[in-house]
Amino acid sequence: MKNIKTMTMEWTGNSLILIDQRYLPIEEKYVECQTYLDVANSIKDMVVRGAPAIGATAAFGFVLGAKEFSYLSDKNLFLNKLEEVKNSLSKTRPTAVNLFWALNRMDKLLKDSLPTKGINDLVNILEEEALKIAYEDIEINKQIGKNGESLLNDGDTVLTHCNAGALATVDYGTALGVIRAAVENGKDIQVYADETRPYLQGARLTVWELVKSGIKTTLITDNMAGWVMKQGKINAVIVGADRIARNGDVANKIGTYSVAVLAKKHGIPFYVAAPLSTIDIETKNGEGIPIEERNHNEVRFCHKTRLVTDDVNVYNPAFDVTPNELVTAIITEKKVLRPPYEKNIVEVVTL
């Protein structure tokens, strides 16, 4: 097991090739990362996005850093350099907890192996671990799909926000993985996808993925969600997550909170699909989740088209927090979690 190739990423052994999600669906371009700084820039600049995909990408970035500094003969100096690698990668996206989960896993393995292994062996061990993280993610997503598809009935129409599909993971997806699993199980499922301003991940990525998979999909603007619900067109909402606090508060792409409020108003179940690595039991509730504010030009422009002048004030939080009382269930690879969330989250995470 020395390589992996999916829609989202390819590990060649010496570089990480990422599909550049900024150009989809109009163009399929790729970015080849040959250094850990290339990886850091790709995460920060949204070449790759989605919490599980960010985690796996960061793990490979850690490996590239290890390869860059493998010429060193002093193991302590090697360790110090990889601490710099870890710090650089950890500063790229503060909300997605999978980033820190993956880097901490790589760092722990490095430190545990350091006393008995040479530097070349350490590099190989780290590469194997990054590949494990990637392959595990695919299997975890498929299990999330199996656990969640029973929540959908034949003939249901699902609303989703942002992109929690193959492009947000190593492959298969979380929220879209539940939909895929239901379809694979013979259920007739249709999807309404919010466009998800300002970066349009729903319009550009979710719709592209679902159409390629042959799943009937309708694109709507974000501010149509309430009316579509009122018309009785939606049976369930499924979204992903970038971080879930210990009490079940969920940080996800900006606009998710509004969708959850609307779902509650209209009596529609609101499901969150995410791996256990997205759960942060060290963060008590949503108030402790850092919310990234991104470049204001993402709002001033729609892709390359300017909407307003530079003197217009902009607020651009990339995420919002949905309180646990609006969440019907959290679908993980172990089980479907329901209230009381803190008790059930701690129980499943510490199993």
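Residues numbered from 1 in each chain as written. Predicted model: local features only at pLDDT ≥ 70, side-chain atom pairs only at ≥ 80, totals over all residues. Heavy atoms only, no water.

Here we come to the packing of aromatic side chains. One pair of aromatic rings is described through two measures. These are the centre distance and the angle between the planes. This structure, assessed with the given rule, holds two aromatic pairs. Of note, Lys29 hangs over the ring of Tyr23, and the distance from its end group to the ring centre comes to 4.2 Å. (Phe/Tyr/Trp six-rings, centres within 6.5 Å; stacked < 30°, edge-to-face > 60°. Lys NZ or Arg CZ within 6 Å of the ring centre and 35° of its normal.)

Moving on, we come to the UniProt feature "active site" (unreviewed entry) in the protein chain. This chain's UniProt record puts "active site" (unreviewed entry) on Asp242. When you line up the elements, Asp242 lands in the loop between strand E8 (236–239) and strand E9 (243–245). Discounting residues that sit within four places of it in the chain, Asp242 has contacts with Ala51, Thr95, Ala96, Val97, Asn98, Ala251, Asn252, Lys253, Thr278 and Phe319. (UniProt positions renumbered as here; feature names shortened; annotations may be inferred. Helix = DSSP H or I, 4+ residues; strand = E, 2+ residues; numbered from the N terminus. Contact = heavy atoms within 4.5 Å.)

Tallied over the full model, the rule gives 18 salt bridges. Where Arg246 meets Glu342, a salt bridge forms, and the shortest distance between an N and an O atom there is 2.9 Å. Here the residue Arg246 occupies a position in the loop between E9 and strand E10 (250–253), and Glu342 occupies one in helix H11 (residues 341–349), the gap between them amounting to 96 residues. With a closest N to O distance of 3.1 Å, Asp310 and Arg306 form a salt bridge. Looking at Arg306, the relative accessible area reads 41%, which means it is partly exposed. Linked through salt bridges whose partners overlap, the residues forming this network are Glu83, Lys86, Asp107 and Lys111. (Salt bridge = Lys/Arg side-chain N within 4 Å of Asp/Glu carboxyl O. Buried < 20%, exposed > 50% of the residue type's maximum accessible area, 1.4 Å probe, protein only.)

If you walk across this open sheet you meet the seven strands as E7-E6-E5-E8-E11-E16-E17, and the pairing is mixed. The open sheet is flanked by strand E7 (217–220) and strand E17 (336–337), the only strands paired with a single partner. Note: strand E6 (residues 190–194) against E7, four bridges, orientation parallel. The partner of Tyr192 across the bridge, within E7, is Thr218. Lying on the sheet, helix H9 (residues 256–265) is in contact with strand E5 (157–160), E6, E8 and strand E11 (270–273); it crosses E11 at an angle near 145°. (Pairing = 2+ DSSP bridges. Axes fitted to C-alpha atoms, helices over the stretch in contact; angles between N-to-C directions.)

Further remarks concern the UniProt feature "binding site: substrate" (unreviewed entry) in the protein chain. The residues that UniProt annotates with the feature "binding site: substrate" (unreviewed entry) are Arg49, Gly50, Ala51, Arg93, Gln201, Asn252 and Lys253. Here Arg93 lies in the loop between helix H3 (75–90) and helix H4 (97–113). Aside from chain neighbours lying at most four places away, what touches Arg93 is Ile43, Lys44, Met46, Arg49, Ile54, Leu99, Phe100, Lys253, Glu292, Arg294 and Phe319. If you trace the backbone, Asn252 turns up in strand E10. Setting aside anything within four residues of it in sequence, one finds Asn252 in contact with Val239, Gly240, Ala241, Asp242, Ala318, Phe319 and Asp320.

Parsing the protein chain into structural domains produces domain 1 (4–141) and domain 2 (151–350). Relative placement of domain 1 and domain 2: their C-alpha centres are 25 Å apart. Domain 1 puts 35 residues into the contact, and the matching count from domain 2 is 35 residues. Between domain 1 and domain 2, the buried area comes to about 2,900 Å², and carbon and sulfur atoms account for 58% of it. In this structure, the connection of domain 1 to domain 2 is made through one salt bridge. Between Glu292 and Arg93 there is a salt bridge, with the nearest N and O atoms lying 2.6 Å from each other. Where domain 1 meets domain 2, there are 20 residue pairs in polar contact (both at pLDDT 80 or more). The residue inventory of the side of domain 1 that touches domain 2, partitioned by class, reads 20 nonpolar, eight polar and seven charged. (Domains from an automatic or database assignment. Buried area = accessible area lost by both parts, 1.4 Å probe. Polar contact = N/O pair within 3.5 Å; in protein donor to acceptor, adjacent residues only side chain to side chain. Nonpolar A, V, L, I, M, F, W, Y, C, P; charged D, E, K, R; others polar.)

Within the largest apolar cluster, 47 residues are counted, with the highest numbers of intra-cluster contacts made by Phe60 and Phe78. For this core, the secondary structure elements donating two or more residues are strand E2 (9–11), strand E3 (16–19), helix H1 (36–44), helix H2 (51–68), H3, H4 and helix H5 (119–149). With eleven residues, H2 is the single largest residue contributor to this core. Setting aside residues up to four positions removed in sequence, Phe60 forms contacts with Ile4, Met9, Trp11, Leu16, Ala130, Leu131 and Ala134. (Core = buried A, V, L, I, M, F, W, Y, C linked by side-chain atoms within 4.5 Å.)

Attention shifts here to unusual backbone geometry. In this structure, Pro25 follows Leu24 across a cis peptide bond, with omega equal to 0°. Summarising the element assignment, Pro25 is placed in the loop between E3 and strand E4 (30–33). The omega torsion of the bond from Arg197 to Pro198 falls at 5°, within 30 degrees of zero and hence cis. Summarising the element assignment, Pro198 is placed in the loop between E6 and helix H7 (201–212). Positive phi is not limited to glycine here, since Met46 has a value of about 70°. Even without a glycine there, the phi angle at Leu200 is positive, about 60°. With respect to the helices, strands and loops of the structure, Leu200 is situated in the loop between E6 and H7.

Attention now goes to H7. Relative to the 16 Å expected for twelve residues at 1.5 Å per residue, H7 spans 16 Å between its end C-alpha atoms, a close match to the ideal helical length. The buried fraction of H7 amounts to nine of the twelve residues, a majority that puts the element mostly inside the structure. Taken together, the buried positions of H7 are occupied by Gln201, Gly202, Arg204, Leu205, Thr206, Val207, Trp208, Glu209 and Leu210. Turning to H7, the residues buried within the fold contact E5, helix H6 (175–184), E6, E7 and E10. Just beyond H7, the residue with positive phi is Gly214, at close to 80°. (Expected span 1.5 Å × (residues − 1).)

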